[in-house]
Amino acid sequence: MKIAEMNWMQVEAQAAADDRCLLPIGSVEQHAYLSVCVDAILAEKISVDAAEPIGIPVFPVLPYGLASSFAAFPGTLSFSLSTYIGVVRDLLDSIHRSGFRRILVVNGHGGNSPAATIISEWLNMHPDSSVKLHDWWRAPRTMAKVLETDPAASHASWMENFPWTRLAGIEQPSHAKQEIDFARLARVDAGRKREMLGEGNYHGLFQRPDNDMLAIWSVAVGETRELIERNWD
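These lines cover the structure that appears in this document, whether it is placed above or below. (Residues numbered from 1 in each chain as written. Predicted model: local features only at pLDDT ≥ 70, side-chain atom pairs only at ≥ 80, totals over all residues. Heavy atoms only, no water.)

Right, let's get into the pattern of salt bridges. By the definition in use, this model includes 15 salt bridges. Between aspartate 19 and arginine 102 there is a salt bridge, with the nearest N and O atoms lying 2.5 Å from each other. In this pair, aspartate 19 is assigned in the loop between α1 (8-17) and β1 (20-25) and arginine 102 in strand β2 (residues 102-107), connecting sequence segments 83 residues apart. Judged by its relative accessible area of 26%, arginine 102 is partly exposed. In this structure, the salt-bridge partner of glutamate 148 is lysine 145, at a minimum N-O distance of 3.2 Å. Linking glutamate 148 with lysine 145, this pair stays in helix α5 (residues 140-149), spanning 3 residues, or about one helical turn. For lysine 145, a relative accessible area of 22% gives the class partly exposed. Overlapping salt bridges bring together Asp18, Asp19, Arg20 and Arg102 as one network. (Salt bridge = Lys/Arg side-chain N within 4 Å of Asp/Glu carboxyl O. Helix = DSSP H or I, 4+ residues; strand = E, 2+ residues; numbered from the N terminus. Buried < 20%, exposed > 50% of the residue type's maximum accessible area, 1.4 Å probe, protein only.)

This is the structure we're talking about:
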């Protein structure tokens, strides 16, 4: 159930019958040879795949997030932190006005971690609500499946290379990239980050067989669906 495929009267009726919903949040930023919208694509698809079979609506993904680290890569769009705080609050307020009280925020970008504090503060002003923030790719069972498949996995590597994040006609390199210096990456500006990263992969192969990726996706969908179904107190 996508909110984009509902009218306002259907949304009102749905919230009255079941006050659960999902809000995917992502980022538009460099992902090496993959789409710049990887994080938004994955956050929305995991939400829809998990929620649709159980009839829970999914709001359109918030595609933009906090991506200042990649500001030197063309195509990267980023909110300032102060703007992002207001955007997330306003979206939660709007969802609440629509009648939803149990909200699963499905995050597709590690840089969006300040959303946890925003949600915590928002909940103090809305004690009638429950909000979960779900970093889908590093949820316990999903990350365990990733590491079981190949522990050399990171940003813009094989672990984000799904059939739906790949670009037609773009060939993926066949080598595995050596792990970057994470400590140095954290202490330099976006321009020097770009020099360090090259094409943008942090570590590991650029692509693995689709069977591997679909097995990881199946675990992630199941883990996300459990969060929709359980433990809302």
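Considering all chains together, one arrives at 12 aromatic pairs under this definition. Between tyrosine 64 and phenylalanine 79, the ring centres sit 6.3 Å apart and the planes meet at 90°, which makes this aromatic pair edge-to-face. Taken together, the residues tyrosine 64 in the loop between α2 (38-51) and α3 (81-97) and phenylalanine 79 in the loop between α2 and α3 connect sequence positions 15 residues apart. By relative accessible area, phenylalanine 79 is classed as partly exposed at 22%. Between tryptophan 164 and tryptophan 217 the ring centres are 5.1 Å apart and the planes differ by 65°, which places this aromatic pair in the edge-to-face class. Residue tryptophan 164 is found in the loop between α5 and β4 (176-177), and its partner tryptophan 217 is found in helix α8 (residues 210-229); the two are separated by 53 residues along the sequence. With relative accessibility at 5%, the residue tryptophan 217 sits in the buried group. By the ring-pair criterion, three or more aromatic residues cluster together here, those being Phe70, Phe73, Phe182 and Tyr202. (Phe/Tyr/Trp six-rings, centres within 6.5 Å; stacked < 30°, edge-to-face > 60°.)

If a probe the size of a water molecule is rolled over the atoms, the empty space left behind becomes visible. A volume near 500 Å³ is recorded for the largest pocket. For the largest pocket, the lining is made up of 22 residues, of which His109, Gly110, Gly111, His155 and Tyr202 are closest to its centre. Of all elements in the fold, only α2 and α6 (182-186) reach the threshold of two or more residues within the lining of the largest pocket. With 3 residues, the top contributor of residues to the lining of the largest pocket is α6. When grouped by side-chain class, the residues that make up the lining of the largest pocket number 9 nonpolar, 8 polar and 5 charged. (1 Å grid on protein atoms, 1.4 Å probe; cavity = no way out; pocket = protein on both sides within 12 Å on 5 of 7 lines; lining within 4 Å. Points joined across faces, edges and corners; volume = space filled by probe spheres on them. Nonpolar A, V, L, I, M, F, W, Y, C, P; charged D, E, K, R; others polar.)

The contact between α5 and α8 brings their axes to 8 Å, and the two run at 165°. Relative to α8, the element α5 lies roughly antiparallel. Considering only the axes of α5 and α8, their crossing is right-handed. Two secondary-structure elements touch here, α5 through Pro140, Arg141, Thr142, Lys145, Val146 and Thr149 and α8 through Asp212, Ala215, Ile216, Val219, Ala220, Gly222, Glu223 and Glu226. (Axes fitted to C-alpha atoms, helices over the stretch in contact; angles between N-to-C directions. Parallel < 35°, antiparallel > 145°, perpendicular 65-115°, else oblique. Left-handed = near helix turned anticlockwise from the far one by under 90°. Contact = heavy atoms within 4.5 Å.)

Attention now goes to the environment of threonine 149. Positionally, threonine 149 belongs in helix α5. Sequence separation between threonine 149 and methionine 213 is 64 residues, and the spatial gap between their C-alpha atoms is 9.1 Å. Contacts of threonine 149, omitting those with residues within four sequence positions, involve Trp158, Arg208, Asp212 and Ile216. From its side chain, threonine 149 meets the backbone oxygen of lysine 145 in a polar contact 2.7 Å long. (Polar contact = N/O pair within 3.5 Å; in protein donor to acceptor, adjacent residues only side chain to side chain.)

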